[in-house]
Amino acid sequence: MKTIALLLAFLTGSVLFAQSETNDSLKTGTIHVTIPNVSSDRGEVLLALYQKENFLSHAPKFHAMSKIENGVADATFENVPEGTYAIVLYHDKNGNKQMDFDTNGMPLEDYGGSGNAMSYGPPNWEDCKFDFHQKKLEMEIRL
C-alpha cells in the first residue's frame with residue numbers, strides 16, 4: 001500500500017511544474033484527451049504527459065488541467081514533439097492539487113492512464129505508453 005501511495009504522490013506533485021519547452025527542429029503536434037463519465041463536476045481533472053525516463057516523476061514533459069462539465073473533461077497538449085509518451089491523470093475532487101488518500105494508503109480520488117488498463121496499483125509505463133507521430137491525436141481516457 002505504501003508503494004501505491006508513494007507512486008501516486010509523484011503524480012500529484014507533477015502538475016505543479018510548467019510545461020517544458022520543445023525543440024523547434026522536431027516535428028510537433030497536438031494531443032487532445034477526452035475524459036468521459038467523471039463522477040461529478042466538482043473539482044477538476046489534472047493530467048501529466050510523460051516520457052519513459054520521467055514517468056510518474058515530479059517533472060512531466062507537459063501537464064494540463066481541465067474543468068468538468070456534465071461529467072466530461074477534456075484537455076489539450078500542444079507543441080508535443082514526436083515520440084513515445086504516457087498520460088496519467090486524476091480527478092482532483094476538492095481542488096487541492098494533490099491526490100488524496102485514505103489512512104490505509106488507498107486513493108480517495110479516481111485516476112487513470114492512457115491505454116485504459118484497469119489495475120489496483122499505480123499506472124505503469126508499459127500499459128500507458130503510446131507512440132505519437134502525427135499532427136493531431138484524439139484520445140479518450142477513463143477514470
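Quick note: structure is the one above.
Criteria and cut-off values
- Residues numbered from 1 in each chain as written.
- Predicted model: local features only at pLDDT ≥ 70, side-chain atom pairs only at ≥ 80, totals over all residues.
- Heavy atoms only, no water.
- Helix = DSSP H or I, 4+ residues; strand = E, 2+ residues; numbered from the N terminus.
- Buried < 20%, exposed > 50% of the residue type's maximum accessible area, 1.4 Å probe, protein only.
- Pairing = 2+ DSSP bridges.
- 1 Å grid on protein atoms, 1.4 Å probe; cavity = no way out; pocket = protein on both sides within 12 Å on 5 of 7 lines; lining within 4 Å.
- Points joined across faces, edges and corners; volume = space filled by probe spheres on them.
- Nonpolar A, V, L, I, M, F, W, Y, C, P; charged D, E, K, R; others polar.
- Polar contact = N/O pair within 3.5 Å; in protein donor to acceptor, adjacent residues only side chain to side chain.
- Contact = heavy atoms within 4.5 Å.

**What about the environment of Pro60?**
Along the chain, Pro60 turns up in the loop between strand E2 (44-50) and strand E3 (62-69). Residue Pro60 is classed as buried on the basis of its relative accessible area of 5%.

**As for the pairing of strand E1 (residues 28-35)**
Relative to strand E4 (residues 72-81), E1 runs antiparallel, the two sharing seven bridges. In the strand pairing of E4, Thr34 is matched with Asp74. Pairing of E1 with strand E8 (residues 136-140) involves five bridges; the strand directions are parallel. Residue pairing in the sheet places Ile31 in a bridge with Leu137 of E8.

**Quick look at the layout of surface pockets**
Roughly 280 Å³ of internal volume is contained in the largest pocket. If you go around the largest pocket, you meet 18 residues; those closest to its centre are Tyr111, Gly112, Ala117, Met118 and Ser119. For the lining of the largest pocket, the secondary structure elements donating two or more residues are strand E6 (111-113) and helix H2 (125-128). With three residues, the top contributor of residues to the lining of the largest pocket is E6. Its residues assigned to classes, the lining of the largest pocket shows eight nonpolar, six polar and four charged.

**Regarding the side chain of His91**
Secondary-structure assignment places His91 in strand E5 (residues 83-92). Polar contacts involving the side chain of His91 include one to the main-chain carbonyl oxygen of Arg42, which spans 2.7 Å. Sequence-distant contacts of His91, that is, excluding residues within four places in its chain, are made with Val38, Ser39, Ser40, Arg42, Glu44, Val45, Ile68, Glu109, Asp110 and Leu143.

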